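# A closer look at the structure
Listed here are the chains, written in short residue letters.
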Amino acid sequence: MTEQQVEDLFDLNGHSALYKKIRYPLWLSGKLDHADPELLESFLSHYSFNENTLFDQFMFHFQVFSRIYEKDRFPTIF
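Thresholds, definitions, all that
- Residues numbered from 1 in each chain as written.
- Predicted model: local features only at pLDDT ≥ 70, side-chain atom pairs only at ≥ 80, totals over all residues.
- Heavy atoms only, no water.
- Phe/Tyr/Trp six-rings, centres within 6.5 Å; stacked < 30°, edge-to-face > 60°.
- Helix = DSSP H or I, 4+ residues; strand = E, 2+ residues; numbered from the N terminus.
- Buried < 20%, exposed > 50% of the residue type's maximum accessible area, 1.4 Å probe, protein only.
- Arc of directions from axis to C-beta.
- Contact = heavy atoms within 4.5 Å.

Right, let's get into the packing of aromatic side chains. According to the stated counting rule, one finds 13 aromatic pairs in the structure shown. Measuring from ring centre to ring centre gives 5.3 Å for phenylalanine 43 and phenylalanine 58, while their planes differ by 75°; the resulting arrangement is edge-to-face. Of this pair, phenylalanine 43 sits in helix α3 (residues 37-46) while phenylalanine 58 sits in helix α4 (residues 55-72), and the two are 15 residues apart along the sequence. Site record: aromatic cluster; members linked through ring pairs are Phe10, Tyr19, Phe43, Tyr47, Phe49, Phe58, Phe62, Phe65 and Tyr69.

This part takes up helix α1 (residues 3-12). All of the buried residues along α1 are Val6, Leu9 and Phe10. Looking straight down α1, one finds that the buried residues subtend no more than 100° of arc, so they occupy a single side. Here the buried face of α1 lies against α2 (16-29), α3 and α4. Remark: glycine 14 follows α1 within two positions and exhibits a positive phi of approximately 75°.

Right under this line is the structure:
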């Protein structure tokens, strides 16, 4: 995914403040470069974060969610 696509998904799900905080380490890590947009959208719609969430915490939850998502295929939330 492009940086703009990732930012749009964060904004769409009400996590724009979190994205601004973790944007640089997220870009440096490249963890979402090849992520499925549906996976990220589902993750952001199922989880809630606050302004104290760190990049490492975000990535930990994302990795756990992505493994569960691939095994069980959570339904897409509209």
